[in-house]
Amino acid sequence: MRQSPFTGNLAKHLERKAKRLPDAIAVLFQSDPNFKKTFAQLNDDVINCASFFAKEGIKRRDRTLLMLKPGYELITCCFALLYLGSIPVIIDPGMGITSLLNCIKTTKPKNLISIPLVKWLSFFFNSSFSSVKTKIEISKNLNKKISSSSNHDKPKIYDAEENELAAIVFTSGSTGKPKGVRYLNLNFNSQIQALQNEFGIKEGEIDLVTLPVFSLFNPALGVTSVIPQMNPRKPAKANAQIIVNAIQDYKITTAFCSPVIGRKVASYSDTYDIEMPSIKRMMLAGAPSPPEL
């Protein structure tokens, strides 16, 4: 078996790219053209966030329920947990309140990092959140929270083993009962290697992130993440023109989408005779994709 060049956890990959490509853009948001974060800036924010979490009592191997809206806060907090060796538990709230509460109860997280609404709900559904000992509320003031940690001693990045549990990500429940998928560091590293070796994704490419999980893979590959102006939990409601504009404006080279997004892009570009020469690949998954698509 060929040895993977990717070892350690995802936060370690980000650290390497921050040293190799400090000034390259890591994250862009279509909804905010003025927002740009380089790999070095993202890594600094992750370290400060990890320091803040450590002071709040989050430790390695803790299961930490992460319930934030898709955005820079979610990316930063998830990497910060991985930096500490804590285990993010990610559940799609679109599965419905009953399934959501069952997933939380089954997983038994020790910590909760969430928007204010979820923290408030945790007091009303105490039986599902009974395992939670530490609750951290995150909103748009994340930078203020973590900036106070910038002058303190930084925790060391966790030296993760390949066969250690890295994260628990629940399926959406759209095709049955939601299931918690155990991701080892080996799983993440193998997926990153496949994206590079089998799909030919290279350093310097620009990815349209319609699924938030890909913003975790991209830093390991030196790929810029462009977050489009859409709700990733409701792809059927995405505006085709906005998606196509993102592809054209940012010269997107690669995208991983649900078939419904692919269908919207194909239909819109056919209707208005639009060409998108920057695109090298568009991968569709998560639901059936008919041959004509």
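Okay, so let's go over this structure. Every chain is numbered on its own, with residues counted from 1 as its sequence reads. For a predicted model such as this one, the threshold for reporting local features is a pLDDT of at least 70, and the threshold for listing and counting side-chain atom pairs is 80 or more; totals across whole chains, interfaces and linings nevertheless cover every residue. With hydrogens and water set aside, each side-chain value is computed from the structure's full complement of heavy atoms.

## Overview of the pairing of strand β12 (residues 281-284)
Two faces, one strand: in a regular strand the side chains alternate between the faces of the sheet. Of the two faces of β12, only one is covered, namely that formed by Arg 281 and Met 283; the face formed by Met 282 and Leu 284 stays uncovered. We treat two strands as partners when DSSP finds at least two bridges between them. Numbered from the N terminus, helices here are DSSP runs of H or I no shorter than four residues, and strands are runs of E no shorter than two. Two elements, strand β11 (residues 254-257) and β12, share four bridges in a ladder whose sense is parallel. By the bridge assignment for β12, Ala 255 is matched with Met 282. Crossovers are marked right-handed if the path from the first strand over the helix to the second runs clockwise, as seen with the strands pointing away from the viewer. In this region the chain leaves β11, passes through helix α10 (residues 259-271) and returns to the parallel neighbour β12; the handedness of that crossover is right-handed. Each residue is assigned to one of three classes by its accessible area relative to the maximum for its type, calculated with a 1.4 Å probe on protein chains only: buried under 20%, partly exposed between the two thresholds, exposed over 50%.

## Concerning unusual backbone geometry
Phi angles above zero are rare outside glycine, and Lys 108 is one such case at about 55°. Looking at where Lys 108 falls in the secondary structure, it is placed in the loop between α4 (97-107) and β5 (111-114). Note on Lys 108: relative accessible area 57%, which makes it exposed. One non-glycine residue, Lys 251, lies in the positive phi region at around 55°. Secondary-structure assignment places Lys 251 in the loop between α9 (240-249) and β11. For Lys 251, a relative accessible area of 56% translates into the label exposed.

## Re the nonpolar core
As a rule of thumb, soluble globular proteins bury nonpolar side chains together. Ranked by internal contacts, the top residues of the largest apolar core, which has 52 residues, are Val 27, Leu 42, Phe 53, Leu 66, Cys 77, Phe 79 and Ile 113. Elements represented by at least two residues in this core include exactly α1 (10-20), β1 (25-29), α2 (39-55), α3 (72-84), α6 (142-147), β7 (165-170), α7 (185-197) and α8 (214-221). Broken down by element, the residue count for this core peaks at eleven residues, all from α3. In this description, contact between two residues means that some pair of their heavy atoms is separated by no more than 4.5 Å. If we skip the residues at most four places from it in the chain, Cys 77 touches Cys 49, Phe 53, Leu 66, Leu 68, Ile 113, Ile 138 and Leu 142. The nonpolar core is taken to be a set of buried Ala, Val, Leu, Ile, Met, Phe, Trp, Tyr and Cys residues, with the residues joined through side-chain atoms within 4.5 Å.

## Concerning the pattern of salt bridges
By definition, a salt bridge exists where a carboxyl oxygen of Asp or Glu is found within 4 Å of a side-chain nitrogen of Lys or Arg. Going through the model one piece at a time under the given rule, you end up with eight salt bridges. Salt-bridge contacts for Asp 45 lead to Lys 37; the nearest nitrogen and oxygen are separated by 3.0 Å. You'll find Asp 45 and Lys 37 in the same group, each marked buried. One salt-bridge network, in which partners are shared between bridges, spans Lys 17, Arg 20 and Glu 203.

## A few points about α9
Taken together, the buried positions of α9 are occupied by Ala 240, Ile 243, Val 244, Ala 246 and Ile 247. Burial along α9 is one-sided: seen end-on, the buried residues are contained in an arc of 155°. Here a polar contact means two N or O atoms within 3.5 Å. Within protein one must be a hydrogen donor candidate and the other an acceptor candidate, and residues neighboring in sequence count only if both atoms are side-chain atoms. Between a side-chain oxygen at the N-terminus of α9 and the backbone nitrogen of Gln 241 the separation is 2.9 Å; the capping residue is Asn 239. One or two positions beyond α9, positive phi appears at Lys 251, with a value near 55°. An arc is given here, and it is the one of the directions from the helix axis to the C-beta atoms.

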